[in-house]
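Structural description and commentary
Residues per chain are reported as follows:
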Amino acid sequence: MLSVIRIDGTRVMTGPDDLESMLNSMALTCGNYLEDSNYDFEIYIERDPEAARGLIGGLYSDARRVMERIGLDLEGLIQAREKYLSKLIVDERVYLTLWTRPSVLSPKELRNIGIDTQAPDWWPADSDAQAVYLAAQKMVDRHSSFVDTICADLSEAGIRLKLLDVTTGLRAIRRAVDREGTADDWCPSTPWQTAEELSEDEIAKDVSARFEASSIGRGTANEDDVTGLLWPRLDEQLFARPAECLPPNNPQNLKIGSYIYAGMDLTAGPRELQTFNRLIRRMRMGGKEFPWRVKFLMRGGGLGRLGFRRTLAAICQITNPENKLIKDAIDELKSRYLSKENVLSASIHVSFSTWARIGQERQLEEQLSRLQSVVEGWGHCEVSTSIGDPLAGFMSSCFGLSTASTAPFGVGPVKEILKLQPWQRDSSPYEKGPVIFRTPDGRAWPFDISGNITTSDFHLIVGSSGGGKSVLLNTFNLGACLSPGQTAGVGGFKLPRIALIDYGPTSKGLINLIRENLPPGQEYLAVYRRLRYDEKNVINPCDTPLGSRKPPSHQRSMLVNLICQLATDASSGRTPEALTGMVSMIVDELYENKSDRTRTGAPKLYSKGDYIVDDAIQTHKMPISEDTTWWDVVDYMAQSVKEYHIATRAQRYAVPMLADLLYVANMSQIKDLYGETLTDTGEPLLSSFKRVISEALRDYKIFSRPSTFDLGSARIISLDIDECCGDSSTPQGRKQTSIACLLARFAIAGDFYLIKDNISEFETDYQDYHEQRIQRLNETKKILGIDEMHKTKGCPGPRNQIVMDGRVGRKFGVIVIAATQMADDFDKEMVNLATSIWITGTRNASETKAIAGNADLSQFAEEVINKMGGPTKRGGPVFTSIKTRFGKHEHFLYNSLGPQELWALQTSPRNALLRDLLAEKVGYKNSWEMLAKIFPEGSAQEIIDKRINAALELGNAKNDEEKAGVVALMAEELAKRYYVSSAA
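Every value quoted in this text rests on a predicted model; they were computed, and no experiment measured them.

Here we come to the overall build of the protein. Along its length, the protein carries 38 helices and 24 strands. Counting only C-alpha atoms, the protein reaches 110 × 85 × 70 Å along its principal axes. Taking all 984 residues of the protein together, 53% fall into the buried category. Sequence-distant contacts in the protein: of pairs separated by 6 or more residues, those separated by 24 or more amount to 77%. Accessible surface, the protein: about 42,800 Å² in total, of which carbon and sulfur atoms supply 50%. Taken as two groups, the 117 positive and 130 negative side-chain charges of the protein have centres that lie 3 Å from each other.

So, on to the packing of aromatic side chains. Scanning the entire structure with this criterion turns up 30 aromatic pairs. Ring centres of tyrosine 533 and tyrosine 700 lie 5.5 Å apart, and the angle between their planes is 90°; on these two criteria the pair is classed as edge-to-face. Of this pair, tyrosine 533 sits in the loop between β18 (526–530) and α20 (553–566) while tyrosine 700 sits in the loop between α27 (685–699) and β19 (716–720), and the two are 167 residues apart along the sequence. Take tyrosine 700: its relative accessible area is 4%, and that puts it in the buried class.

When we look at burial in helix α32 (residues 845–855), the residues that qualify are Glu847, Thr848, Ile851, Ala852 and Ala855. Projection of α32 onto a plane perpendicular to its axis shows the buried side chains occupying an angular sector of 130°, all on one side. Residues of α32 that are exposed and point over 90 degrees away from its buried face: Ser846, Lys849 and Gly853. Where the residues of α32 are buried, they touch β14 (458–462), α31 (828–833), β22 (836–839), α33 (859–867) and β24 (887–895). The opening residue of α32 is asparagine 844, an N-cap whose side-chain oxygen sits 3.2 Å from the backbone nitrogen of serine 846. Just past α32, the residue aspartate 856 takes up positive phi, approximately 55°.

Ranked by size, the top nonpolar core spans 89 residues in total, and within it Leu460, Ile563, Leu566, Leu658, Phe689, Phe703 and Ile721 carry the most contacts. Broken down by element, the residue count for this core peaks at nine residues, all from helix α28 (residues 731–749). Structurally, this core is a two-domain feature, drawing no fewer than three residues from each of domain 3 (451–532 + 714–730 + 762–817) and domain 4 (538–708). Once residues lying within four places of it in the same chain are set aside, the contact partners of phenylalanine 703 are Ile539, Pro541, Leu566, Met657, Leu658, Ala659, Leu697, Ile739 and Leu743. Counting residues in each nonpolar core, the second largest holds 61 residues, with Tyr39, Phe146, Val147 and Ala157 among its members.

What follows is about the packing of helix α1 (residues 16–33) against helix α7 (residues 137–156). In a pair of packed helices, the angle between the axes and the distance between the axes together describe the arrangement. α7 packs onto α1 with a crossing angle of 170° between their chain directions and a minimal axis gap of 9 Å. Between α1 and α7, the interaxial angle falls into the category roughly antiparallel. Of α7, the residues touching α1 (which contributes Met26, Thr29 and Tyr33) are Ser145, Phe146, Thr149, Ile150, Asp153 and Leu154. The residue inventory of the contact of α1 with α7, partitioned by class, reads five nonpolar, three polar and one charged.

Below, the discussion takes up the environment of methionine 622. As for its position among the elements, methionine 622 is in the loop between α22 (611–619) and α23 (630–640). Along the primary structure methionine 622 and leucine 230 are separated by 392 residues, whereas in three dimensions their C-alpha atoms are 77 Å apart.

Residues other than glycine seldom take positive phi values, yet lysine 642 does so here, at roughly 60°. Inspection of the secondary structure puts lysine 642 in the loop between α23 and α24 (644–654). Although it is not a glycine, aspartate 856 adopts a positive phi angle of roughly 55°.

The next point concerns the pattern of salt bridges. Scanning all chains against the criterion turns up 68 salt bridges. When the shortest N-O distance is used, the salt bridge between glutamate 46 and arginine 175 registers 2.7 Å. Of this pair, glutamate 46 sits in strand β2 (residues 39–48) while arginine 175 sits in helix α8 (residues 166–177); the two residues are 129 residues apart in sequence, bridging distant segments of the chain. Given a relative accessible area of 1%, glutamate 46 falls into the buried group. Residue arginine 175 is classed as buried on the basis of its relative accessible area, which comes to 13%. Aspartate 596 serves as the salt-bridge partner of arginine 549, at 2.8 Å between the closest nitrogen and oxygen. With a gap of 47 residues between them, arginine 549 in the loop between β18 and α20 and aspartate 596 in the loop between α21 (579–593) and α22 connect regions that are remote in the sequence. Classification of arginine 549 by relative accessible area gives buried; the value is 5%. Where salt bridges share partners, they join Arg47, Glu92, Arg284, Glu289, Arg425, Asp441 and Arg443 into one cluster.

Next up on the list: the domain arrangement of the protein. Annotation of the protein at the domain level lists domain 1 (1–49 + 95–191 + 208–214 + 225–302 + 343–447), domain 2 (50–89), domain 3 (451–532 + 714–730 + 762–817), domain 4 (538–708) and domain 5 (903–983). Distance between the C-alpha centres of domain 4 and domain 5: 49 Å.

Rules and cut-offs
- Residues numbered from 1 in each chain as written.
- Predicted model: local features only at pLDDT ≥ 70, side-chain atom pairs only at ≥ 80, totals over all residues.
- Heavy atoms only, no water.
- Helix = DSSP H or I, 4+ residues; strand = E, 2+ residues; numbered from the N terminus.
- Buried < 20%, exposed > 50% of the residue type's maximum accessible area, 1.4 Å probe, protein only.
- Contact = heavy atoms within 4.5 Å.
- Areas by Shrake-Rupley, 256 points an atom, 1.4 Å probe, with all protein chains shown as cover.
- Lys, Arg positive; Asp, Glu negative; His and termini not counted.
- Charge placed at Lys NZ, Arg CZ, Asp CG, Glu CD.
- Phe/Tyr/Trp six-rings, centres within 6.5 Å; stacked < 30°, edge-to-face > 60°.
- Arc of directions from axis to C-beta.
- Polar contact = N/O pair within 3.5 Å; in protein donor to acceptor, adjacent residues only side chain to side chain.
- Core = buried A, V, L, I, M, F, W, Y, C linked by side-chain atoms within 4.5 Å.
- Domains from an automatic or database assignment.
- Axes fitted to C-alpha atoms, helices over the stretch in contact; angles between N-to-C directions.
- Parallel < 35°, antiparallel > 145°, perpendicular 65-115°, else oblique.
- Nonpolar A, V, L, I, M, F, W, Y, C, P; charged D, E, K, R; others polar.
- Salt bridge = Lys/Arg side-chain N within 4 Å of Asp/Glu carboxyl O.

Quick look at the structure:
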């Protein structure tokens, strides 16, 4: 009886100390079942570079469906990714097969096994069908207990695994036998099509239906066999195609389908114990990796199998010194077993195999020779390619079929045997994902930032300039556009809501990439804007959702936070103690005063001036009088004629503005409560508030008029606020940065925190309008991204807001991503709250140590981070630590993007300049494709530097402007080259 477990790998990358601890735990668990011969373990690993393209295509299957649904034509980019990644990734599969032998039963239970496995009376006559009732229940119970214990203890040791159901397990076994003839959706014919066995009544019902259809069965006049109506034998299903030994010139090779297999067995274990990862590294160091696999068969009762061998070795030790070594080795194992340490031993058989297509016999010979060389160098092992029967050798390297093996057995301590096996494999907590990283040894590592395996959605990215931080941020955001979890909802598939607050044009390439690949006429869905304090970019933070006379609770909190920043004296940088309470009261009175639905309200009267609204009023013949308010216009356009865009535009004139704060601050109810309150400097709080607000209105003209900043129906927005930020070394500059950051957040993510409960906060006649929109917002996750977080240092307003977003974001379906250049740019509270931390590099060991301490990283992780280099043509290195519901993950990965994607997301100044200048001449999409062909490594920096140096020697590149001219000349040359090739 057997069960198949898929081993995904370790949750945390293991250093020497971590590996020792893991092996001790595993040895104790496995050793308990290896003291006798009742249980066997098979550990199987297969690595196939040729199957990488299919693996990557499968991981991108969901992304392709999303692209088709939302009309985002990134097929060329995905194909380029697949082509590039297939050179770096291998299809790796690891399985653990657990066998329970009949000897686990007592003699009495064995005598009764015939009764326990007898088919019931209603079972029809069959001679060659699947033996459904062959397993005794007592054996099933013992096997289930064995499997549950191993799964639980391996998981506790840090191994991520999955016990496969009957269908999936048989599919995995058959694929090992016939890789070409086993489709990904192949389904065996068994009574159990799911992970849970059918009950006896369900089996009886299924068999009865087959039986009645044939009118043939036991007890009828016709005693013919009904085998053809029942489930076929498993061996007939698993071995669907014949195995054929090749002619005498290749006696060790076996042909199955269009593949030829060759194998070898381990005849002597390593003299120097090494990990399996070392074997993989040796395999990849020798050149391009080829398909290969190995199976470790670990059996119990190892010392018992050595009894006769020790006797012979003792007798013959006088004739050959090696016999004495054998005897001493066996005695050493026995003494260690009998010692206090109670070191358990097991027997081990190891078989390797490699394969190639028919017609590539010479290549197969070279692969086998190289495999032999690599294994022999793996701690000085000995192997043999003279297996004898090639079919038996082939079966020895498969799993789940038999515990027989052509490989000779060896015996050793369980812990040392486990060290040789593939347990240190990095495992992604995600089954699929639109972002595919890779491990250094070529394992695919999918990631989906919208996945539901974490307890929160707060992600931090740290990396020095040029280390790949911004490219990683763009990779996440592009992946979100291809994730079902962020695109599917009410109204079908749509682009996700992504709001990016940028300090510079980091995300400009991402926005252009999306815009260029959207259907014609939908480019407005992705927008990059550079915020300036001018008439075209007026943002009134007092704006409310359509029809709302007051802001929803979350928006009210944002507004109070912003006003407190405005009302804080830049010289002190401290918010007065009572200011927040006073501002909260003023905000409430502000909206009461401008509402048309309160007794004391004084709503703003309509006046002509906005020609779009004026034309709509005339077109729809709305009655106007001298008492008509802007709220009357809003209600008429939204409720009577359903012109929601016009209504939204009219509402800009109906809502309060920050200038109205001064009027409200003079109201008696405000003066009565706060008139005598003083600040730390002794100034009356109310006077201080009015003074600072007056200064802010003078300095920030955009707060003195209705909103003109219009993003339309854009779903992906990048707002570059660099021009609006101040010098972080001055109090006034930090205040400017705080206001710009909070204002940007309000403008592009103001509705992210709306939930179903907020519907009751809207005006009754507008609730139906908002309900569908809110439902869509709640069904899909949104992204709020902030790059260059170091710009907010010394700015408590936006930093406190980010912490709050990190705390409550998951409740509202908001994913927060913050990126910065140095680890200490993140407060300890931010690091503690973070769901994941992504590090693309640190400045020095001290910085690494600081973030490792704050994020509770392992000592080995700290060592890995310190050894990380910069991006190369094979990808950008990145370390990640992710907190999931199933445990913490730590991994060292590479972000390897295709050349087109690298050029589209390029953020280094001169490369980005070259791309943008070329795009002005040939279009963005053509520029990426052309640059990817000419500079497939994703950068032209080396060529640009050479040209600038040459210009310097000639005296033609004395300043930045002249250096940019060198890049412009290069873009001109490339554009001419493009048009010449297009004409041809």
